[in-house]
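# Topology and contacts: notes
So you can see what is in the structure, the chains are spelled out below.
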Amino acid sequence: MITKRSTNPPPGSTFDDFFRDQQQRVLQLCWLSTLDRAAAADAAQEAFARAYTRWGTISEGNPGAWIRTVALNLCRDRWRKESRLSDRALPESSAGDRYQNTDLLSALELLSGRQREVIVLRYWMDLKLDDCAKAMNVSTSSARQHLSRAHDRLRDLVGPEIAKDLVS
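Residues numbered from 1 in each chain as written. Predicted model: local features only at pLDDT ≥ 70, side-chain atom pairs only at ≥ 80, totals over all residues. Heavy atoms only, no water.

## Description of the packing of aromatic side chains
Throughout the structure, instances matching the rule amount to eight aromatic pairs. Ring plane angle 75° and centroid distance 5.1 Å describe the contact between F15 and Y52, whose orientation is recorded as edge-to-face. Of this pair, F15 sits in helix 1 (residues 15–34) while Y52 sits in helix 2 (residues 37–53), and the two are 37 residues apart along the sequence. In this structure F15 comes out as buried when scored by relative accessible area, which is 12%. On the basis of relative accessibility, which here comes to 55%, the residue Y52 falls in the exposed class. Among the aromatic residues, those joined into a cluster by ring pairs are F15, F18, F19, F48, Y52 and W55. (Phe/Tyr/Trp six-rings, centres within 6.5 Å; stacked < 30°, edge-to-face > 60°. Helix = DSSP H or I, 4+ residues; strand = E, 2+ residues; numbered from the N terminus. Buried < 20%, exposed > 50% of the residue type's maximum accessible area, 1.4 Å probe, protein only.)

Have a look at this one:
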């Protein structure tokens, strides 16, 4: 069971507090979005660099949502530039068996970029569908459609039991 974590720092928090709290989550989001360790590290680092320069503005709103959106946009930019994914070493994680299921990770690579994004945001980052849609910069109905198609594709690729384990 993954416990839900707040994506917003407490009032008066510093950027350092936010960075410590969110660094691993953003890195995992980027890695699961790209399945490329170097690209994930670059995207996460760039997202935090941008957050640092805008901290005065974004700290007043929802910096967790802001950094997820920026990180996903950076990952998408990389997808557009490269045709193949590489460097599939698993990240260190305490988030459970999902990171260790190589069948599921291989299947994620076969999903479209948007399908992979919504699966990662919904089940690894534990976001509500509305928050997934905001991070993806799409409507909630569009995110729901990507999620449904991703479920169907995952069932075909890894079987109903593994796909069922993902959502439970």
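## Points about the side chain of H146
Within the secondary structure layout, H146 lies in helix 8 (residues 140–158). On the basis of relative accessible area, H146 is assigned to the buried category, the value being 18%. Look past the residues within four positions of H146 in its chain and what remains in contact with it is R114, Q115, V118 and M136. (Contact = heavy atoms within 4.5 Å.)

## Brief notes about helix 7 (residues 129–136)
If you check which residues of helix 7 are buried, you get L129, C132, A133, A135 and M136. Seen along its axis, helix 7 keeps its buried residues to an arc of 165°; they face one direction. Taken from the residues just after helix 7, N137 is the one with a positive phi, measuring 65°. (Arc of directions from axis to C-beta.)

## A look at the confidence of the model for the chain
One rule of thumb: low pLDDT means the predicted coordinates there are not for detailed reading. Scored by pLDDT, the chain has a mean of 79; 75% of the residues are at 70 or more. In the predicted structure, residues 1–7 sits below a pLDDT of 50 and forms 18 contacts with residues beyond four places in sequence or in another chain. Per-residue pLDDT stays below 50 along residues 83–99; that stretch engages in 41 contacts with residues further than four places along the chain or on separate chains. (pLDDT = per-residue confidence, 0-100.)

## So, the pattern of salt bridges
Tallied over the entire structure, the rule returns five salt bridges. We note a salt bridge from R20 to D17, for which the minimum N-O separation is 2.7 Å. Taken together, the residues span about one helical turn, with R20 and D17 both in helix 1 at a distance of three residues. For R20, a relative accessible area of 58% puts it in the exposed group. The shortest N-O distance in the salt bridge between D152 and R155 comes to 2.4 Å. In this pair, D152 and R155 are both assigned in helix 8, three residues apart and thus about one turn of the helix distant. Under the relative-accessibility criterion, R155 is labelled partly exposed at 39%. Look at the salt bridges and you will find they share partners, linking R76, R114 and E117 into a network. (Salt bridge = Lys/Arg side-chain N within 4 Å of Asp/Glu carboxyl O.)

## Overview of unusual backbone geometry
At L35, a residue that is not glycine, the phi angle is positive and equals roughly 55°. Of note, L35 is situated in the loop between helix 1 and helix 2. Non-glycine residue D126 carries a positive phi angle of around 60°. Structurally, D126 can be placed in the loop between helix 6 (113–124) and helix 7.

## As for helix 5 (residues 102–110)
Owing to its 3.6 residues per turn, the α-helix brings residues three or four apart onto one side. L104, L105, A107 and L108 are the residues of helix 5 that are buried. The buried residues of helix 5 occupy an angular sector of 160° when the element is viewed end-on, so they sit on one face.

## Side note on the packing of helix 1 against helix 2
Look at helix 1 against helix 2: their axes get within 8 Å of each other, and the N-to-C directions meet at 145°. As for the relative orientation of helix 1 and helix 2, their crossing is right-handed in sense. Between helix 1 and helix 2, the residues in contact are F15, F18, F19, Q22, Q23, V26, L27, C30, W31 and T34 and R37, A39, A40, A41, A43, A44, F48, A51 and Y52, respectively. Residue composition of the contact of helix 1 with helix 2, by class: 15 nonpolar, three polar and one charged. (Axes fitted to C-alpha atoms, helices over the stretch in contact; angles between N-to-C directions. Left-handed = near helix turned anticlockwise from the far one by under 90°. Nonpolar A, V, L, I, M, F, W, Y, C, P; charged D, E, K, R; others polar.)

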